[in-house]
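Breakdown of the fold
Below are the chains, spelled out letter by letter.
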Amino acid sequence: MKLPRRRRGNQEAATAESAPEAAPDTSDLADAADTSAATDTAGAADTTDAAATADTAAVTDTGDVAAAADTADAAATAAAAATADAADAADTTVTPKATAPARASAARSPRGGLRDRVRRFLQQPGTVDLAPYRKLLPQIAEAEERLRGLSDEELTEAAGDAVEDAQLCAVGRESARRALGERPFDVQLLGTMAMLSGQVAEMATGEGKTLAGAIAAAGYALSGRSVHVVAVNDYLARRDAEWMRPVYDLMGVSVGWINQSSTPEERRQAYRADVTYAPVSEIGFDVLRDRLALREEDMVTAPPDVALVDEADSVLIDEARVPLVLAGSAEEGNADQAMAEIVRELDPETDYEIDEDARNVQLTEAGAKAAEKALGDVDLYTEEHLGTLTRLNVALHAHALLQRDVDYIITGEKVRLVSESRGRVAWLQRLPDGLHAAVEAKEGLSATDTGEILDSITIESLIRSYPTLCGMTGTAVAVGEQLREFYGVEVAVIPPNLPCIREDEPDRLYETAEAKEDAITQQVAEAHATGRPVLIGTLDVAESERLAGQLEDEGLPCVVLNAKNDAEEAAIIAEAGAREAITVSTQMAGRGTDIKLGGSSGDRDEIAGLGGLLVIGTGRHESSRLDYQLSGRAGRQGDPGGSVFFASMEDDLITQFAPDTAPPDEVDDDGLVTDAGAYWSLGHAQRVAEGVNLEIHRNTWRYNKLIEEQRRIVLDHRDKVLRTDIALKTLGERCPERLGELSETLDEDVLAGAARQITLYHLDRGWAEHIADLADVREGIHLRALGRGLDPLDEFHKAAVASFNNLFDQAAQQSAESFETVSISADGADLGAAGLKRPSATWTYLVQDNPFGTDIDRALRSVGRLLGRPRSSS
Ligand code: ADP
Ligand code: MG
């Protein structure tokens with residue numbers, strides 16, 4: 001059976017059809033689930049075809065090969081590396097923006113390949129044509145004078161009448177002029193129009209995306225849609241909502257915001273506004289919590305409608321794989337101090353071995369012996385001590401692989417994870433359970449509650465649930481292909497208001513990290529001597545601190561901006577452009593505060609005369625896009641500015657992704673590498689990293705698709721149980737005698753409530769167990785399947801479908817059992833007495849990139865290393 005592939009738009013309809021009507025009849029469900037599996041297989045087959053046939057178009061088409069190669073590790077990674085190679089071939093002069101994104105495959109693109117190919121010749125590949133938007137600009141300009149003559153009330157009225165984009169933009173411009181004293185530039189309105197057309201607008205830092213986005217959000221709201229402006233963090237959600245509120249007021253649109261600390265009632269209110277600003281994690285957590293509601297009135301969210309995503313690449317690509325988790329506590333946490341003590345005593349030289357990529361660690365023979373002795377002469381490798389061995393391994397991971405101030409920091413007696421892509425702390429974030437406790441033990445902290453995962457959803461699944469998606473960011477083109485592939489959105493490149501005159505110097509590659517840091521210090525000193533402000537972007541918190549120390553030693557006072565002083569960040573950044581300022585910061589992507597020359601003292605011209613802000617990168621990131629986010633902090637709004645990246649042969653990027661790079665042939669006295677081959681390796685390593693990360697994303701996406709559909713089926717059913725009396729009907733049919741007996745003393749309402757309670761309990765339990773099963777299956781299936789020459793994704797689907805069918809069967813059966821046995825009174829069903837307790841407390845967290853990756857991720861990375869060899873050594 002070969003079914004057409006579904007796209008985001010019609011997924012809902014398709015699932016609704018297959019959703020069970022009453023008490024789920026499992027044969028239906030088997031069909032429904034089968035369909036999704038079959039759809040997927042068909043999809044996989046399609047892509048194989050595409051790879052085989054459609055590959056004539058362009059060299060950069062290797063993305064398709066990756067898709068076809070699918071789950072076999074080696075093949076997938078080969079493709080990733082091939083993508084990098086193709087990029088190499090297509091483009092040897094690597095500036096961040098010049099790396100051409102791979103073309104959409106004919107098989108995947110909803111609009112077919114021809115149009116894409118035509119676009120390649122007409123404009124920047126894979127981006128939309130701005131001509132239709134530009135055509136409206138005269139009309140917008142024409143309306144200006146008339147709108148200026150209106151009273152505020154009349155302006156609000158005009159907003160209500162604005163049906164066309166041109167009218168809307170004209171009203172938006174006038175509202176912003178009045179409310180903020182800022183008249184949106186033409187280019188900002190082009191961005192607004194792109195967003196109103198469901199696209200991601202690429203606009204450089206400082207171009208005024210907040211305002212462009214607000215006018216677009218107001219436009220959607222005025223056409224009756226409900227808009228979530230997805231912000232990067234609490235601070236920006238609140239800042240942007242409050243900053244734009246006067247504009248919204250004039251346009252007659254209500255606005256609200258949500259932070260981590262918002263109460264359920266505040267959330268409900270905020271979601272009720274026309275436009276709601278919130279961090280993506282908070283929206284996700286609300287969706288997850290609503291999913292467990294026992295009464296309709298306890299829910300806070302409304303159905304998703306329009307998502308307008310700020311820093312879209314960061315949220316949609318970098319964070320896409322991050323699962324948001326809802327957990328429930330059953331028991332007290334238990335910090336394994338004893339184990340932490342044992343691994344602390346192990347000798348790193350002899351007792352364990354860390355993989356090259358620092359993603360895995362194993363006990364050696366000697367280490368195992370030492371641990372067994374410390375544990376009281378047990379044999380760890382027997383069935384009996386399996387649990388102990390697991391605890392030991394978890395403790396060893398925490399001890400040897402997770403580094404304080406790189407992977408996590410300690411504040412207020414708590415372990416906080418540092419987000420890899422943003423270098424900031426995510427307050428609710430936790431490591432997977434055992435590991436979190438192990439880190440707490442390692443640091444001698446008392447353990448926080450442990451619990452079981454009740455549900456989880458990836459950011460990608462969450463965003464894909466919105467029927468309409470648009471966004472804005474400084475760097476979208478580089479991920480244009482992925483945005484189309486994973487979300488079906490196009491990128492519109494909006495030119496800057498004033499031409500960018502920033503000078504980006506070529507990379508400076510050093511032989512050793514030490515030489516690199518010396519060179520950085522010297523460069524900072526030189527710039528500082530003239531009074532020129534310097535912003536240094538580092539790759540992690542530890543490096544920030546080290547470099548800051550070195551600068552201080554040289555008498556160069558600097559401010560360090562990292563995850564530890566998150567709250568002060570905005571104020572510090574605002575001053576980064578002041579005379580003589582030296583600011584050291586971890587990655588700048590998604591920071592959302594823009595740097596004005598002169599800072600608050602406002603002496604812009606003086607600083608401009610010094611050359612503007614100088615941005616120094618202490619290493620190339622795993623993606624050129626992140627490099628560009630950093631350099632983009634200089635030269636905003638036509639200001640002068642400059643950027644330069646330093647790198648060393650010892651940087652993680654090279655040692656991980658091009659580990660076999662030959663030592664450079666030519667090095668000068670300061671340790672600066674001068675031969676071109678080594679520079680090539682640096683760019684190559686970055687492209688391999690990009691390819692590997694893309695493959696990991698693709699893989700997760702394939703696995704998550706089926707789970708997403710299953711979730712929808714369960715949620716549909718749950719919703720019916722919650723809102724109707726279907727539970728009582730079903731249980732009554734299964735247990736007519738019990739129903740008769742209960743009906744003698746109890747009202748139908750009470751009975752319906754009890755039946756609902758019982759059914760929801762077992763359904764929620766079943767789902768929690770199902771997703772736990774799936775996680776296990778996914779981890780294990782890969783190696784099993786590879787060993788027998790099977791397709792892991794196929795195997796995963798089979799297992800997932802079987803487990804899913806079981807879920808409904810089992811929930812129905814257990815509900816009937818509970819209905820027969822649990823005591824039911826006017827107060828409802830006494831589930832607690834029967835040992836069927838709902839979690840007493842729930843909490844939420846993000847699993848920010850499993851620090852060790854799944855087996856699949858790990859395999860991809862290690863094969864990536866093998867394939868990432870530079871030309872010289874092969
Ligand atoms: P981005 O998000 O694109 O980096 P912001 O939205 O933070 O940029 O805006 C950067 C700065 O530009 C802000 O200080 C804002 O007040 C200012 N700004 C935005 N639009 C205009 C405008 N049309 N005229 C003058 N200043 C503007
Ligand atoms: Mg911004």
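Rules and cut-offs
Residues numbered from 1 in each chain as written. Chains lettered and ligands numbered in written order. Predicted model: local features only at pLDDT ≥ 70, side-chain atom pairs only at ≥ 80, totals over all residues. Heavy atoms only, no water. Salt bridge = Lys/Arg side-chain N within 4 Å of Asp/Glu carboxyl O. Helix = DSSP H or I, 4+ residues; strand = E, 2+ residues; numbered from the N terminus. Buried < 20%, exposed > 50% of the residue type's maximum accessible area, 1.4 Å probe, protein only. Pairing = 2+ DSSP bridges. Expected span 1.5 Å × (residues − 1). Contact = heavy atoms within 4.5 Å. Near = heavy atom within 4 Å. Polar contact = N/O pair within 3.5 Å; in protein donor to acceptor, adjacent residues only side chain to side chain. Areas by Shrake-Rupley, 256 points an atom, 1.4 Å probe, with all protein chains shown as cover. Nonpolar A, V, L, I, M, F, W, Y, C, P; charged D, E, K, R; others polar.

1. Remarks on the pattern of salt bridges
- A full pass over the atoms with the stated rule returns 47 salt bridges.
- Note that aspartate 318 and arginine 625 form a salt bridge whose closest N and O atoms lie 2.7 Å from each other. Note that aspartate 318 is positioned in helix H15 (residues 312-318) and arginine 625 in helix H26 (residues 624-631), a separation of 307 residues in sequence.
- The class for aspartate 318 is partly exposed, based on a relative accessible area of 21%.
- Among the salt bridges present, the one from arginine 723 reaches aspartate 719, with a minimum N-O distance of 3.0 Å. One end of the pair, arginine 723, and the other, aspartate 719, are both in helix H28 (residues 676-723), four residues apart, so they sit about a helical turn from each other.

2. A few points about the pairing of strand E16 (residues 534-537)
- On E16, burial covers both faces: Val534 and Ile536 on one face and Leu535 and Gly537 on the other are all buried.
- The sheet contact formed by E16 and strand E18 (residues 582-585) spans four bridges and is parallel. Residue pairing across strands places isoleucine 536 opposite valine 584, the latter belonging to E18.
- Relative to strand E19 (residues 613-617), E16 is paired through four bridges, and the arrangement is parallel. Note on E19: the bridge partner recorded for valine 534 is leucine 614.

3. Quick word on helix H22 (residues 513-529)
- The end-to-end C-alpha distance of H22, which contains 17 residues, comes to 24 Å, matching closely the 24 Å that a straight helix rising 1.5 Å per residue would cover.
- Every buried residue of H22 is listed here: Ala515, Lys516, Glu517, Ala519, Ile520, Thr521, Gln523, Val524, Ala527 and His528.
- For H22, the secondary structure elements touched by its buried residues are strand E15 (508-510), E16, helix H23 (541-553), E18, E19 and strand E20 (641-648).
- Looking one or two places after H22, you find glycine 531, whose phi comes out positive at around 95°.

4. Here's the deal with the site of ligand 1
- Every one of the 16 residues lining ligand 1 counts as a neighbour, but Glu182, Arg183, Gly206, Thr210 and Lys596 are closest to it.
- Here glycine 208 contributes a backbone N or O atom positioned 3.1 Å from an oxygen atom of ligand 1.
- The contact in question runs from an oxygen atom of ligand 1 to an N or O atom on the backbone of lysine 209, over 2.9 Å.
- Contact with the protein chains covers 85% of the free accessible surface of ligand 1, which is 570 Å².
- The class makeup of the residues in the shell around ligand 1 is four nonpolar, five polar and seven charged.

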